[in-house]
Amino acid sequence: MTPDSLRAALRGVPDPDWLDAALRRVAAEPAAIDRFFPAAGRHCGRAPLAGAPGWSADEAARALLLTALPGDHAAHVQARYRQGDAAEKRAVLKALPLLPIGAAGAPLLHDAIRTNDARLLAAALGPYARHLDPAAWRQAVLKCVFTGVPLAVVHDLDARADGELAAMLAGLAAERQAAGRAMPADATDLLARLREIQEA
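Let us look at the structure shown here.

**Considering the nonpolar core**
Turning to step 1, where the next piece is worked out: Core analysis: the largest hydrophobic core is formed by 71 residues, its most contacted members being Leu-10, Leu-66, Leu-93, Leu-125, Trp-137, Leu-151 and Leu-169.
Turning to step 2, where the next piece is worked out: The element that contributes the greatest number of residues to this core is helix α4 (residues 57-68), accounting for eight residues.
Turning to step 3, where the next piece is worked out: Those residues in contact with Leu-125, other than ones at most four positions away along the chain, are Leu-132, Trp-137, Ala-140, Cys-144, Val-153, Val-154 and His-155.

Structural data, given as structure tokens:
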């Protein structure tokens, strides 16, 4: 997803003039994002965007507001995440791959993964999760299995999954079997693929 594709997907929002004005204002006066960011849901709605699968209108609008900032993106994403409600935090996490901040947003991923909010966990495992080290990434994938977050949300899952993740999944599967509980189908499928690779 790119800022241009998000902008195109937002053409049908309830108040496009508000969004245009907000983007111009934030570009000229970065501190104005403190006012516009929380208001995005009221003006743009919260409906899923047909042109941006996996994004809602308020998330896309907030991501665009962050991309409109002329600089100091890392400080602004930290502030918006720390001060935001759950919807605002998700928007920040989804916006991270669009911003020129390198790995500076990685602490936000760790925070999201520690929460019990499944939607924050899912948002943290998008493309920006490449900044998670392998151990933290494996733990996040395992938490998806524990909490019922579909593994389809994990960006680059097959490319990053390795023998250590397979061992962790196998251990969890054994625990669940002993307790008479089933593993989610997507986790069972992933474990089967990893075992095939190991045996090849």
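Having seen the model, we can carry on.
**Some points on the packing of helix α9 (residues 134-147) against helix α11 (residues 163-178)**
When two helices pack together, their arrangement is given by the angle between the helix axes and by the axis-to-axis distance.
Turning to step 1, where the next piece is worked out: For the pair α9 and α11, interaxial distance at closest approach is 10 Å and the crossing angle is 30°. Accordingly, the angle class assigned to the pair α9 and α11 is roughly parallel. Seen from above, α9 lies across α11 with right-handed handedness. Contacts between α9 and α11 involve Trp-137, Arg-138, Gln-139, Val-141, Leu-142, Val-145 and Phe-146 on the former and, on the latter, Glu-164, Leu-165, Met-168, Leu-169, Leu-172 and Arg-176.
Turning to step 2, where the next piece is worked out: Split into classes, the residues belonging to the contact of α9 with α11 amount to nine nonpolar, one polar and three charged.

**A short note on unusual backbone geometry**
Turning to step 1, where the next piece is worked out: One non-glycine residue, Asp-72, lies in positive phi territory at about 55°.
Turning to step 2, where the next piece is worked out: With a relative accessible area of 55%, Asp-72 lands in the exposed category.
Turning to step 3, where the next piece is worked out: The backbone of Asp-156 sits at a positive phi, close to 60°, despite the residue not being glycine.

**Topic: the environment of Gly-163**
Turning to step 1, where the next piece is worked out: Within the element layout of this structure, Gly-163 appears in helix α11.
Turning to step 2, where the next piece is worked out: Taking the C-alpha atoms as reference points, Gly-163 and Gln-198, separated by 35 residues in sequence, lie 7.4 Å from one another.

**Focus: the pattern of salt bridges**
Turning to step 1, where the next piece is worked out: Under the definition given, this model contains 11 salt bridges.
Turning to step 2, where the next piece is worked out: Taken together, the shared-partner salt bridges connect Glu-59, Arg-90 and Lys-94 into one network.

**Describing the layout of surface pockets**
Unoccupied space between atoms shows up once a probe the size of one water molecule is rolled over them.
Turning to step 1, where the next piece is worked out: Volume-wise, the largest pocket comes out at about 540 Å³.
Turning to step 2, where the next piece is worked out: Along the walls of the largest pocket sit 24 residues, with Pro-53, Gly-54, Trp-55, Lys-94 and Ala-123 positioned nearest its centre.
Turning to step 3, where the next piece is worked out: Going through the elements one at a time, α4, α6 (86-95) and α8 (118-124) are the ones with two or more residues in the lining of the largest pocket.
Turning to step 4, where the next piece is worked out: Tallying contributions element by element places α6 first for the lining of the largest pocket, with four residues.
Turning to step 5, where the next piece is worked out: Of the residues assigned to the lining of the largest pocket, the class counts are 14 nonpolar, four polar and six charged.

**A closer look at the packing of aromatic side chains**
Turning to step 1, where the next piece is worked out: On inspection of all chains with the given rule, the structure shows one aromatic pair.
Turning to step 2, where the next piece is worked out: Plain terms: the ring middles of Trp-18 and Phe-36 are 5.8 Å apart, the flat faces sit at 70° to each other, and that makes the pair edge-to-face. Placement of Trp-18 in helix α2 (residues 16-28) and of Phe-36 in helix α3 (residues 33-44) is noted, with a sequence separation of 18 residues between them.
Turning to step 3, where the next piece is worked out: With relative accessibility at 13%, the residue Trp-18 sits in the buried group.
Turning to step 4, where the next piece is worked out: Phe-36 gets classed as buried once you look at its relative accessible area, which sits at 11%.
Turning to step 5, where the next piece is worked out: The ring of Phe-36 carries Arg-35 above its face, with NZ or CZ at 4.6 Å from the centroid.
Turning to step 6, where the next piece is worked out: The ring of Trp-55 has Lys-94 lying over it, and the distance from NZ or CZ to the ring centre is 5.3 Å.

**Description of the environment of Asp-133**
Turning to step 1, where the next piece is worked out: Checked against the element boundaries, Asp-133 lands in the loop between α8 and α9.
Turning to step 2, where the next piece is worked out: Along the sequence, Asp-133 and Ala-106 sit 27 residues apart, while their C-alpha atoms lie 9.7 Å from each other.
Turning to step 3, where the next piece is worked out: Looking at Asp-133, its side chain comes within polar contact range of the main-chain nitrogen of Ala-135, at 3.0 Å.

**Digging into the side chain of Glu-88**
Turning to step 1, where the next piece is worked out: Counting through the fold element by element, Glu-88 comes out in helix α6.
Turning to step 2, where the next piece is worked out: Not counting residues within four places of it along the chain, the set of residues in contact with Glu-88 comprises Phe-37, Pro-38 and Arg-62.

**Focus: α11**
Turning to step 1, where the next piece is worked out: Over its 16 residues, α11 extends 22 Å from the first C-alpha to the last, a length consistent with the 22 Å expected when each residue adds 1.5 Å.
Turning to step 2, where the next piece is worked out: All of the buried residues along α11 are Leu-165, Ala-166, Leu-169, Leu-172 and Arg-176. In an axial view of α11, the angular spread of the buried residues amounts to 130°, which keeps them on one side of the axis. Exposed positions of α11 whose direction lies more than 90 degrees from the buried face are Ala-167, Glu-175 and Ala-178.
Turning to step 3, where the next piece is worked out: In this fold, the buried residues of α11 make contact with α9 and α12 (185-199).
Turning to step 4, where the next piece is worked out: The distance from a side-chain oxygen at the start of α11 to the backbone nitrogen of Glu-164 is 3.3 Å, and the residue carrying that oxygen is Asp-162.
Turning to step 5, where the next piece is worked out: Residue Gly-180 follows α11 closely and has a positive phi angle near 75°.

Definitions and limits used
- Residues numbered from 1 in each chain as written.
- Predicted model: local features only at pLDDT ≥ 70, side-chain atom pairs only at ≥ 80, totals over all residues.
- Heavy atoms only, no water.
- Core = buried A, V, L, I, M, F, W, Y, C linked by side-chain atoms within 4.5 Å.
- Buried < 20%, exposed > 50% of the residue type's maximum accessible area, 1.4 Å probe, protein only.
- Helix = DSSP H or I, 4+ residues; strand = E, 2+ residues; numbered from the N terminus.
- Contact = heavy atoms within 4.5 Å.
- Axes fitted to C-alpha atoms, helices over the stretch in contact; angles between N-to-C directions.
- Parallel < 35°, antiparallel > 145°, perpendicular 65-115°, else oblique.
- Left-handed = near helix turned anticlockwise from the far one by under 90°.
- Nonpolar A, V, L, I, M, F, W, Y, C, P; charged D, E, K, R; others polar.
- Salt bridge = Lys/Arg side-chain N within 4 Å of Asp/Glu carboxyl O.
- 1 Å grid on protein atoms, 1.4 Å probe; cavity = no way out; pocket = protein on both sides within 12 Å on 5 of 7 lines; lining within 4 Å.
- Points joined across faces, edges and corners; volume = space filled by probe spheres on them.
- Phe/Tyr/Trp six-rings, centres within 6.5 Å; stacked < 30°, edge-to-face > 60°.
- Lys NZ or Arg CZ within 6 Å of the ring centre and 35° of its normal.
- Polar contact = N/O pair within 3.5 Å; in protein donor to acceptor, adjacent residues only side chain to side chain.
- Expected span 1.5 Å × (residues − 1).
- Arc of directions from axis to C-beta.

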